[in-house]
Amino acid sequence: MQTLFINIKELLQVREHSIEKVSGEAMKLLPKIDNAYLLIENDRIADFGPMENCPSLPNAKIMDARDRVILPTWADSHTHIVFAGNRIQEFVDRINGLSYEEIASRGGGILNSAKRLNETSEDELYAQSEVRLQEIMQQGTGAVEIKSGYGLTVEGELKMLRVIKRLKSNYPIAIKATFLGAHAFPIEFKENHSGYLQLLIDEMLPKIATENLADFIDAFLETGYFSIEESELIMEAGKKYGLIPKIHVNQFTAIGGIKACVAKGALTVDHLEIITDEDIMALQNSQTMPVALPSCSYFISIPYTPARKLIDSGLPLALATDYNPGTSPSGNMNFVVATACIKMKMTPEEAINAATINGAYAMGISATHGTITKGKRANLIVTKPINSYYQLPYSFGTNLIEKVMIEGQFI
Ligand code: NIG
Ligand code: FE
């Protein structure tokens, strides 16, 4: 089955050879072809180039993309889309003056979601989560990472990860699963941290490994949550089962966590709203990808990750939604890209690189996703008629997506 897009106004993120990620100055470059064609064969990108070289293929399905931009689908490397219920009341409480941390210290926040999740059946959880997965695919996401972390019990964590596994087998979108048992200490372990770590390491992890339920391991390394030492134990334990660390760190305080994550070979460090020069030095010359989550900053009114400082220090940066009920009840990567440009002063080129190839790297899938390269998965966003790709962040509240193709099929 062949699909041939012709007359594409701008074909973005075109890379002759597969790349892993882009860093620093290179993030300013977003290679594109004006007036292009793009050939899809089955679920793969087969060929592309300027219209003057367009092959004539009588059996291909022809799609005229005049006035439209085509780019790779978004790679959202950090979400918590498997959750039960909502936290609308906490949202209103914050409007009325409480902070995220105050709400959490009163037993709200993550523990609120955990209580709800443990009362919800696996089928009901699947049904609620599937709606969100369908929603983000419509919004142009073609690969997504999903975390556990609202169970905080053996059964609850397994339930979440089994739901992720079911989503994986029922949907064409690439899904990576992350075990985040270390999201918060349950109340009964508030004064017994080592007891919870034991449960996590000796009970949860072996079961997760036996059922092959996770690709990565995460912890909320933060003042009042998991200390550096506790997070190091968790990273080490995960690695024994082949789970690479992807860590929540530096959301509210900088306590040296980034250096510890880099030393443990973390694939990503996520949030980084608060960051020191030592944190930046730790990331330089490492393979660890910093990940910014601007919808979280927007929603709970905390600082934006200093993207300029990171990129101008030569580092790469990925952008993700953090879709979750507490700090970012939105999985819209178009909003993330626009907010990165508007509030973090990333150029459109940097933001699109961060949301495609660097997002793919942040899930370990940049060999198959994140660029328009021959042999890669046919995962495409086709826009409505627009002036140029600058309009994607410019018209930030408008849905500019006409069609989304995942694995060669329009969804
Ligand atoms: O990435 N910071 C930790 N975890 C989530 C929020 C969890 C919640 O509030 O439910 C985050 O922001
Ligand atoms: Fe998160």
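Residues take numbers from 1 onward in each chain, read along the sequence in its written order. Whichever chain is written first is A, and whichever ligand is written first is 1; the rest continue in order. Given that this is a predicted model, residues contribute local features only at a pLDDT of at least 70 and side-chain atom pairs are listed and counted only at 80 or more, while totals for whole chains, interfaces and linings are drawn from all residues. Think of the side-chain values as coming from all heavy atoms in the structure, minus any hydrogens and water.

Tell me what's going on with the coordination of the iron ion (ligand 2), and back it up with residues and numbers.
Every protein donor of the iron ion (ligand 2) is listed here as His78 (NE2), His80 (NE2), His248 (NE2) and Asp322 (OD), and their distances to the metal cover 2.1 to 2.2 Å. Sites may look incomplete, because water is not among the atoms used; the donor set itself consists of N, O and S atoms within 2.8 Å of the metal (3.2 Å for Na, K and Ca). One chain supplies every donor to the iron ion (ligand 2), and in sequence these donors are spaced H-x1-H-x167-H-x73-D. Here His80 is found in the loop between strand E6 (74–76) and helix H1 (88–95), whereas its partner Asp322 is found in the loop between strand E13 (318–319) and helix H12 (333–344), with 242 residues between them in sequence. On the basis of relative accessible area, His80 is assigned to the buried category, the value being 1%. For helices the rule is a DSSP run of H or I covering at least 4 residues; for strands it is a run of E covering at least 2, with both sets numbered from the N terminus onward. Three labels apply to residues, based on accessible area from a 1.4 Å probe with only protein chains included: buried if under 20% of the type maximum, exposed if over 50%, partly exposed otherwise in between.

Before we move on, could you go through the site of ligand 1 and cite the residues and values that matter?
By convention in these notes, a residue is near a molecule or strand provided one of its non-hydrogen atoms lies within 4 Å of it. Looking at ligand 1, there are 15 residues lining it, with Arg87, Tyr100, Tyr150, Gln251 and Thr327 nearest. In the environment of ligand 1, an oxygen atom lies 2.4 Å from a nitrogen or oxygen atom belonging to the side chain of Tyr100. At 2.6 Å, a side-chain N or O of Gln251 approaches a nitrogen atom of ligand 1. For ligand 1, whose free accessible area comes to 330 Å², the fraction covered by protein is 100%. When residues are grouped by polarity, Ala, Val, Leu, Ile, Met, Phe, Trp, Tyr, Cys and Pro land in nonpolar, Asp, Glu, Lys and Arg in charged, and all others, Gly among them, in polar. Its residues placed into classes, the shell around ligand 1 shows four nonpolar, nine polar and two charged. Within 3.5 Å is the distance limit for a polar contact, defined as a pair of N or O atoms, with the added protein rule that one can donate a hydrogen and the other accept it, and that residues adjacent in sequence qualify only through two side-chain atoms. Each accessible area is a Shrake-Rupley result for a 1.4 Å probe, and residues are judged covered by the shown protein chains and nothing else.

With reference to specific residues and values, describe the sheet that holds E6.
Strand order in the open sheet formed by eight strands is E6-E7-E8-E9-E10-E11-E12-E13, and the pairing between neighbours is parallel. Bordering the open sheet on either side are E6 and E13, each of which pairs with just one other strand. Paired strands, in this sense, are two strands between which DSSP finds at least two bridges. As paired elements, strand E7 (residues 141–147) and strand E8 (residues 174–182) share five bridges and run parallel to each other. Looking at E8, one finds that Val144 is bridged to Ile175. Between two residues, a contact is recorded if the distance between any of their heavy atoms is within 4.5 Å. Axes, fitted as lines to C-alpha atoms, cover a helix only where it is in contact. Angles between the N-to-C directions of the axes lie from 0 to 180 degrees. Packed onto the sheet, helix H5 (residues 154–170) meets E7 and E8 and runs at close to 175 degrees relative to E8. Lying on the sheet, helix H7 (residues 228–240) is in contact with E8, strand E9 (216–221) and strand E10 (244–249); it crosses E9 at an angle near 175 degrees.

Provide a residue-level description of the pattern of salt bridges, including the pertinent values.
A pair is scored as a salt bridge if a Lys or Arg side-chain nitrogen falls within 4 Å of a carboxyl oxygen belonging to Asp or Glu. Enumeration over the complete set of coordinates arrives at 22 salt bridges. Salt-bridge contacts for Glu122 lead to Arg166; the nearest nitrogen and oxygen are separated by 3.8 Å. Of this pair, Glu122 sits in helix H4 (residues 122–138) while Arg166 sits in helix H5, placing them 44 residues apart in sequence. With a closest N to O distance of 3.0 Å, Asp277 and Lys309 form a salt bridge.

I'd like a description of the packing of aromatic side chains, backed by residues and values.
Between rings of Phe, Tyr and Trp, where Trp is taken as its six-membered ring, a pair exists when centres lie within 6.5 Å; planes separated by under 30 degrees are stacked, by over 60 edge-to-face, and by other angles tilted. Under the definition given, this model contains 10 aromatic pairs. A ring pair is formed by Phe91 and Phe299, whose centres lie 5.3 Å apart and whose planes are at 15 degrees; its orientation type is stacked. One end of the pair, Phe91, is in helix H1; the other, Phe299, is in helix H10 (residues 294–300), with 208 residues separating them in the sequence. Its relative accessible area of 37% is what places Phe91 among the partly exposed residues. Ring centres of Phe185 and Phe226 lie 4.1 Å apart, and the angle between their planes is 25 degrees; on these two criteria the pair is classed as stacked.

Got a sec to walk through the pairing of strand E14 (residues 380–383)? Specific residues and values, please.
Burial along E14 is two-sided: the face carrying Leu380 and Val382 and the face carrying Ile381 and Thr383 are both buried. Bridge analysis of strand E5 (residues 69–72) against E14 gives three bridges, and the strand direction is antiparallel. Bridged to Ile70 within E14 is Val382. When E14 meets strand E15 (residues 401–406), the two strands line up antiparallel, connected through four bridges. For Val382, the partnering residue across the bridge sits in E15 and is Lys403.

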